[in-house]
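Structure at a glance
If you want the building blocks of each chain, they are given just below.
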Amino acid sequence: MIYLDNAATTAMLEGAVGVYQKYACQSFYNPSANYREAIEIAKGLQDVKLRLKQKLGASVGDVVFTSGATESNNLAIMGSKRNGKWEYVFSVGEHPSVYNVAKELELQGFKVHFVGLSPTGEVDYEMLESVVNDRTRLVSVMHVSNETGAINDIQRIVGIIKDKTQNAMVHVDGVQAFCKIPVDLDALGVDFYTISAHKFHGPKGVGALYVKNPKALKNIVFGGGQEGGLRSGTENVAGIMALDYVVENINVDENYNKVMQLKRLAAEILAEDENVDVLDVGSPYIISVGFKGVNGETLMRALQDYGIIVGMGSACSAKKSGNRILESMGYSKDAVKTRIRLSFNEFLTEQEVCEAANQIIKVYREIWEKVK
Amino acid sequence: MKVILLRFGELYLKGDNRHLFESMLIRNIKSKLQGEQFKFEKTFGRYVISGYDDGREKAIVEKLKQVFGLYSLSCAVELPATIEAITAEVEKLQLGNKTFKVFVKRADKKFPLSSMDFAKQLGGVVLSKNHQAEVELYNPQVEIHIDIRLNGKAYMFYDTIKCQGGLPLGCAGRGLLLLSGGIDSPVAGYLVGKRGLEIEALHFHSYPYTSELARDKVLTLAKELVPYVGKIKLHMISFTKVQEMIHMNCSPEYMITIMRRIMMRIAERVCENNNLGAIVTGESLGQVASQTMQSMTVTGGVVKIKPIFRPCITMDKEEIMAVAQAIGTYETSILPYEDCCTVFLPKNPVIKPTIDRCEREEGKLNIEALVEECLAGEETIVVE
């Protein structure tokens, strides 16, 4: 099987499984307890936070462990909410775990601005500038699009916002960026940054939120007061330790170059067919590909019978309602239906990627012949 | 003793064949309650379920409510048919400050008091024990029914719970339901079941154009029908090749019409192979282009012998949806997986197709070979 849906999730590193097992079965103690073994675990978690901050390029602030990206995104947005006539700014390209929180804010009566996307999938920077004002409480824009791989210029976005107001905070969903492309939070200047372990070979059910100023955030769940009160609930120690193992063992730059080669190879093979539209806009890990006249879901199902797994973009966007992200970039509803997403990892070989790309073209043409 | 009284409706009309219908109904009741501890007794014009554990009463009632052919039921107390025994039971009632009315019915005309007199007397008993309760003849909060039967027993109950009605499942034979995954076809299956028709089901899928989830959805729908129509043999047939061939060879506006004619041919063959007496569809007149009178003429035209039952034919979409909600198939039906009818959907399907034109279009295909190929790939699953 050739798995090209790594933006959905990735296989865990075997070393990480070993670490997970150690902390699940041997060093399983509750870090909130006061005996020696538990105190050791609590210290271990603090060390992980320091290492994680270093990997994120953050010299100040704190890391809050969560159950994953959805919780981190909810915590950043809902936890920074304050009463009053505040406004919020989101891009229409956000993942549902941000977008639907934005919709909830709207329901709660806050003014929410949705900023459109450029044809290459980046945030429309001019539109963003036009909606930010003194009442803006939070701007939330993803680092790398899970649909298209487009990379937003976060530094530029922060610059635009800070030029207009000192009140606004910036949240960045870095799920498709961290451990895949270089991330330097000090340089980016963001207030909150979301990461999720299972997107980079860690376990599912664990993630984190980087928080520059913990005082600016309030908890959204109530309980035992773990994570500085910001995220009550016994820490997922085994998951966190496995995350730490992956982060410490991943070579972002080397992988970036390798995956870039793989992506280029796939894009070249696919683009040879004039009916295939390859959207190759930023991250080496993700491309969106359109196939004239053939439903992407049909192609996805036909490919699985040949052992090739491809994605359809975020889970709930491939349904009848269309895809707000691709539509915002200018694709028609019909064109959106023809698209699939290919997402790579560093363990794929050139041979596998070649084989998959050629097979995709072959299966596409077979279907196209029947349905055109 | 606590009992459940069962009443049946239309069986009364069945004259000399009544015993056949009754024996089917009794068989269905017993099979429905399989796994429960109970006793079944047939009395004059009623069935009585007894001997069950009190805690199971609600579950048993829910099961019985799904049996076609039962008209209504009541949870009752069985008593000896004597004034003393009934009065003693009525004395135990605690009505608080509610309004009430006592109804007495005597099948046993030898009972020493008339219905009216006994009802009045029992009303007095209730009032003497419940000082705040009041008699209310027209709109009482509590109805106390006393049913004195010929077998020396009387039954006291409050509510009459409406059941499915209809005829016992199986008394009308067996048919083949075309089950698409939409809202209408499960309703059609339920409605013919209610008229006594047992069903098998036929589903056409178009993998890879349709999802495997669409197939799971049809399995779920079949499962949701099982409480009403019993176990269902589900025939799954891949329709992909047929659709591709029609798409490649025939006029787009005739796509759906030709598709449905081939589906009907296959359905009749499945009926023949499985000894089924009718084809059942969820069609509703004029709902979509393929369900006009003219469309049904040409699609039904290929079925040589079997009757086609279309129980939803005169129902509005809202009416069909209401039944789907009542029987619990609606939420599954609206899951957003495409069924094979929505793949290759032409922009302008023909509303008034003609047989001549259909035959000309079909001349471009080897229909027999396609039908055989579909049947050869048939997969069957028993859903229970």
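**Topic: the sheet that holds strand β12 (residues 232–238) of chain B**
Residue and element names in this part refer to chain B.
- Spatial ordering of the open sheet is given by β14-β13-β10-β11-β12-β15, a layout of six strands whose pairing is mixed. Because the sheet does not close on itself, it has two edges, and the strands there are β14 (308–309) and β15 (379–383).
- Of the pairings in the sheet, the one linking strand β13 (residues 279–280) to β14 comprises two bridges and is parallel in character. By the bridge assignment for β14, Val280 is matched with Phe309.
- Against the sheet, helix α8 (residues 255–274) touches β10 (173–178), β11 (197–205), β12 and β13, its axis set at about 150° to β10.

**A few points about helix α1 (residues 14–26) of chain A**
Residue and element names in this part refer to chain A.
- Here α1 contains 13 residues, and its C-alpha end-to-end distance of 18 Å stays within 8% of the 18 Å for a straight helix at 1.5 Å per residue.
- Listing the buried residues of α1 in full gives Ala16, Val19 and Tyr20. Across the axial projection of α1, the buried residues extend over an arc of 100°, all falling on one side. In α1, the exposed positions that point more than 90 degrees away from the buried face belong to Glu14, Gly18, Gln21, Cys25 and Gln26.
- Summarising the contacts, the buried residues of α1 are in contact with α8 (237–249).

**Some points on the confidence of the model for chain B**
- Chain-level statistics for chain B give a pLDDT mean of 93 and a share of 98% at 70 or above.
- Here the complex is predicted with pTM 0.85, and the ipTM for its interfaces comes to 0.79.

**Here's the deal with the domain arrangement of chain A**
All names here are of chain A.
- Annotation of chain A at the domain level lists domain 1 (2–9 + 251–371) and domain 2 (14–249).
- On a C-alpha basis, the centres of domain 1 and domain 2 stand 27 Å from each other.
- Each partner contributes residues to the interface: domain 1 has 22 residues there, and domain 2 has 24 residues.
- Put simply, the parts of the chain that give the side of domain 1 that touches domain 2 at least two residues each are α9 (252–271), β10 (286–291) and α11 (324–328).
- If one sorts the elements of the side of domain 1 that touches domain 2 by residue count, α11 sits on top with four residues.
- The class makeup of the residues in the side of domain 1 that touches domain 2 is 12 nonpolar, eight polar and two charged.

**Quick word on the nonpolar core**
- Ranked by internal contacts, the top residues of the largest apolar core, which has 96 residues, are Leu5(B), Leu64(B), Ile146(B), Leu176(B), Val187(B), Ala267(B) and Val280(B).
- In terms of residue count, α8(B) provides more of this core than any other element does, 11 residues in total.
- There are two domains that each give this core at least three residues, and those are domain 1 (2–162) and domain 2 (173–383) of chain B.
- For Leu5(B), the residues in contact, after removing those within four places along its chain, are Arg46(B), Val48(B), Leu73(B), Ser74(B), Ala76(B), Tyr155(B) and Phe157(B).
- With 78 residues, the next largest nonpolar core counts Leu13(A), Val63(A), Val64(A) and Leu217(A) among its residues.

**Thoughts on the sheet that holds strand β5 (residues 136–140) of chain A**
Residue and element names in this part refer to chain A.
- Pairing in this open sheet of seven strands is mixed, and the strands run β2-β8-β7-β6-β5-β3-β4 from one edge to the other. Every interior strand has two partners, whereas the edge strands, β2 (62–66) and β4 (111–115), have only one. Each adjacent strand pair in this sheet contributes to an overall mean axis angle of 20°, direction not counted.
- Sheet topology places β2 next to strand β8 (residues 207–211); five bridges connect them, and they run antiparallel. Across the sheet, residue Val63 finds its bridge partner in β8, namely Tyr210.
- Taken strand by strand, helix α3 (residues 69–79) contacts β2, β5, β6 (169–173), β7 (192–196) and β8, and its axis lies near 25° from that of β8.

**So, unusual backbone geometry**
- For the bond running from Tyr207(B) to Pro208(B), omega is 5°, close enough to zero to count as cis.
- Examined against the element boundaries, Pro208(B) turns out to sit in the loop between β11 and α6 (212–229).
- Despite not being glycine, Glu227(A) has its phi angle at roughly 55°, a positive value.

**A short note on helix α1 (residues 18–32) of chain B**
All names here are of chain B.
- In a regular helix each residue adds 1.5 Å, so 15 residues correspond to 21 Å; α1 covers 21 Å between its end C-alpha atoms and thus fits that length.
- Among all positions of α1, only Phe21, Leu25, Asn28 and Ile29 are buried. Considered in projection along α1, the buried side chains sweep an arc of 100° and stay on one side of the axis. In α1, the exposed positions angled more than 90 degrees off the buried face are occupied by His19, Ser23 and Ser31.
- Looking at the packing, one finds that the buried side of α1 touches β1 (2–8), β2 (39–43), β3 (46–50) and α2 (57–64).

Calculation criteria
Residues numbered from 1 in each chain as written. Chains lettered and ligands numbered in written order. Predicted model: local features only at pLDDT ≥ 70, side-chain atom pairs only at ≥ 80, totals over all residues. Pairing = 2+ DSSP bridges. Helix = DSSP H or I, 4+ residues; strand = E, 2+ residues; numbered from the N terminus. Contact = placed C-beta atoms within 7 Å. Axes fitted to C-alpha atoms, helices over the stretch in contact; angles between N-to-C directions. Expected span 1.5 Å × (residues − 1). Buried ≥ 20, exposed ≤ 12 C-beta atoms within 10 Å, placed from the backbone. Arc of directions from axis to C-beta. pLDDT = per-residue confidence, 0-100. Domains from an automatic or database assignment. Nonpolar A, V, L, I, M, F, W, Y, C, P; charged D, E, K, R; others polar. Core = buried A, V, L, I, M, F, W, Y, C linked by C-beta atoms within 7 Å.

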